[in-house]
Amino acid sequence: MKVPVVTEILKANDQVAGENRELFDQLGLRVINVMASPGAGKTSTILATLERLPESIRPGVIEGDVASSIDADKIAEREVPVVQINTGGNCHLDAPMVRSALQHLPLDELELLFIENVGNLICPANYRLGSDLNLVIGSVPEGHDKPFKYPGMFTGADVVVLNKEDLAEVFEFDHAEYERGIRMVNPGVPVFRVSCKTGDGVDEWVAWLVERLERVRASAHA
Amino acid sequence: MHELPATQGLLDVALDAARKAGASRIRSIDLVVGDLTSFVDDSIQFYFDIISRDTPAEGAELRFRREPAEGRCGECGHTFPVKPPVPRLCPECGSLTLRIEGGREFYVDSIEVDE
């Protein structure tokens, strides 16, 4: 006997992601899912962003990693509330992991939450967390062909930050090709070129982020 | 590692559907998988054979229907199926103005069961 099913396989995750999102909306908390390959500069970009955020925006961070608390320790040094999730080998964060991490953060005091996903350009794209902004960080040494090889990751991005721009000449990085690859699957998505090392371009990215947060806040109060 | 949680999700969906249908055993599961999801059929099957042991889905055959993404040329309007790595140029006219959509499907379409 054939039984029609037509059910999304990741619906259990999506359901929890929806609940996370509801909670974030109630709290007025904006949440960024930070995705990138290992070593692209997720933690560096978060740190550079934290440094430049206006004081009125109080941030927190969830650090996802296969193991260790190296990244969480770096954030904690800045006296920003942080909680570490070790996935124990799992290659992405999922919505239930985020939900259980939330109880360790002073959510009432926060306006902006960064969730640093596990370094990986594949699986994190398939698991919603309840975030309202998906940030994909690329980096120059990875090469300008990455959007063509990992289109799924770039499809869901709300914004792309290309890090290690200071190395563009050394790696003969073709920005036009990179951005064409991104816009092929995701037209109109903003792409910022930054170097977390020199600080170049970071102000522009943070200005865009703050502007977006203010717009969301204004529409929530409207 | 990548396919394990996804396979667990697929097993849960199939077992739930079988239970609701009052079925005692699942013979096969028809899945639809988009080509941009990065899920690998063999790897899903591998995990499925392990985690379905001692469930009504043990020994079930997984049948994969692959859905490519669709490429559309902004220049000549040519449409064509796309799998990663996505092409740089329109295969018809060589234009760089491609738009790619779809290929993100991941669902259980139906199951075949014994009553």
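Heads up: the structure comes first, above all this text.
Our subject in this report is the structure included herewith.

Reading the values: the criteria
Residues numbered from 1 in each chain as written. Chains lettered and ligands numbered in written order. Predicted model: local features only at pLDDT ≥ 70, side-chain atom pairs only at ≥ 80, totals over all residues. Heavy atoms only, no water. Pairing = 2+ DSSP bridges. Helix = DSSP H or I, 4+ residues; strand = E, 2+ residues; numbered from the N terminus. Axes fitted to C-alpha atoms, helices over the stretch in contact; angles between N-to-C directions. Contact = heavy atoms within 4.5 Å. Buried < 20%, exposed > 50% of the residue type's maximum accessible area, 1.4 Å probe, protein only. Expected span 1.5 Å × (residues − 1). Buried area = accessible area lost by both parts, 1.4 Å probe. Salt bridge = Lys/Arg side-chain N within 4 Å of Asp/Glu carboxyl O. Polar contact = N/O pair within 3.5 Å; in protein donor to acceptor, adjacent residues only side chain to side chain. Nonpolar A, V, L, I, M, F, W, Y, C, P; charged D, E, K, R; others polar. Parallel < 35°, antiparallel > 145°, perpendicular 65-115°, else oblique. Left-handed = near helix turned anticlockwise from the far one by under 90°. Arc of directions from axis to C-beta.

## A closer look at the sheet that holds strand S7 (residues 159-163) of chain A
Residue and element names in this part refer to chain A. In spatial order, the strands read S4-S3-S5-S2-S6-S7-S8; together these 7 strands make up an open sheet with parallel pairing. Strands at the two margins of the open sheet, each flanked by one partner only, are strand S4 (82-86) and strand S8 (191-193). Sheet twist, expressed as the average angle between the axes of neighbouring strands with direction ignored, equals 20°. In this structure, strand S2 (residues 30-36) lies alongside strand S6 (residues 133-139), joined through 5 bridges in parallel fashion. Across the sheet, the residue bridging to Met35 is Val136, located in S6. Sitting on the sheet, helix H2 (residues 42-52) is in contact with S2, strand S3 (59-65), strand S5 (112-116), S6 and S7, with an inclination near 165° to S5.

## Overview of the environment of B:His2
Inspection of the secondary structure puts B:His2 in the segment before helix H1 (4-20). Looking at B:His2, the relative accessible area reads 13%, which means it is buried. In sequence terms B:His2 and B:Ser43 are 41 residues apart; their C-alpha atoms lie 8.7 Å from each other. Non-local contacts of B:His2, meaning those with residues more than four positions away in its chain, are made with A:Cys91, A:Ile122, A:Cys123, B:Ser38 and B:Phe39.

## Here's the deal with H1(B)
Residues and elements named next belong to chain B. With 17 residues, H1 should cover 24 Å at 1.5 Å per step; its first-to-last C-alpha distance of 24 Å lies within 8% of that length. The complete set of buried residues in H1 reads Ala6, Thr7, Gly9, Leu10, Leu11, Val13, Ala14, Leu15, Ala17 and Ala18. Once H1 ends, the next one or two residues include Gly22, with phi positive near 70°.

## Concerning the sheet that holds strand S2 (residues 61-67) of chain B
Read from one edge of the open sheet, 4 strands run S1(A)-S6(B)-S1(B)-S2(B), paired in mixed fashion. Edge strands, defined here as strands with exactly one partner in the open sheet, are strand S1 (2-8) of chain A together with S2 of chain B. Ignoring which end each strand starts from, the neighbouring axes of this sheet average 20° apart. Looking at chain direction, S1(A) and strand S6 (residues 106-114) of chain B are connected through 5 bridges and run antiparallel. Bridged to A:Pro4 within S6(B) is B:Ser110.

## Some words on the interface of chain A and chain B
Taken together, the 32 residues of chain A in the interface contact 34 residues of chain B. Across the chain A to chain B interface the summed buried area is about 2900 Å²; carbon plus sulfur atoms make up 62%. Summed over the three residues of chain A that lose the most area to chain B, namely A:Met1, A:Ile9 and A:Met184, the buried surface amounts to 27% of that side. At the junction of chain A and chain B, the tally comes to 1 salt bridge. Measuring nitrogen to oxygen at the nearest pair gives 2.3 Å for the salt bridge that ties A:Glu177 to B:Arg88. Applying the counting criterion to the chain A and chain B interface returns 16 residue pairs in polar contact (both at pLDDT 80 or more). Mapped by element, the contributors of at least two residues to the side of chain A that touches chain B are S1, helix H5 (146-149), helix H6 (151-155) and helix H7 (175-185) of chain A. For the side of chain A that touches chain B, the element with the highest residue contribution is S1(A), accounting for 7 residues. Residues belonging to the side of chain A that touches chain B are distributed by class as follows: 18 nonpolar, 8 polar and 6 charged.

## Quick word on the pattern of salt bridges
Taken as a whole and assessed by the stated rule, the structure comprises 28 salt bridges over all chains. Its salt-bridge partner being B:Glu61, residue B:Arg63 comes within 3.9 Å of it at the nearest N-O pair. Put simply, A:Arg21, A:Asp25, A:Arg30 and A:Asp132 are held in one network by salt bridges that share partners.

## Quick notes on the environment of A:Val3
Mapped onto the elements of the fold, A:Val3 is located in strand S1. Non-local contacts of A:Val3, meaning those with residues more than four positions away in its chain, are made with B:Ala21, B:Ser110, B:Ile111 and B:Val113.

## Details of the packing of H1(B) against helix H2 (residues 41-51) of chain B
In helix packing, the relevant descriptors are the interaxial angle and the interaxial distance, both defined with respect to the helix axes. Residue and element names in this part refer to chain B. Their axes nearest at 9 Å, the elements H1 and H2 cross at an angle of 60°. Relative to H2, the element H1 lies oblique. With respect to the hand of their crossing, H1 and H2 are arranged in right-handed fashion. Contacts between H1 and H2 involve Leu4, Thr7, Gln8, Leu10 and Leu11 on the former and, on the latter, Ile44, Tyr47, Phe48 and Ile51.

## Quick notes on helix H4 (residues 95-102) of chain A
Residue and element names in this part refer to chain A. By the burial criterion, the buried members of H4 are Ala95, Met97, Val98, Ala101 and Leu102. Along the long axis of H4, the arc covered by the buried residues comes to 160°, so they all point the same way. Looking at the buried residues of H4, the elements they touch are helix H1 (11-27), S3, S4 and S5. Measuring from the backbone nitrogen of Met97 back to the side-chain oxygen at the start of H4 gives 3.0 Å, which picks out Asp94 as the cap.

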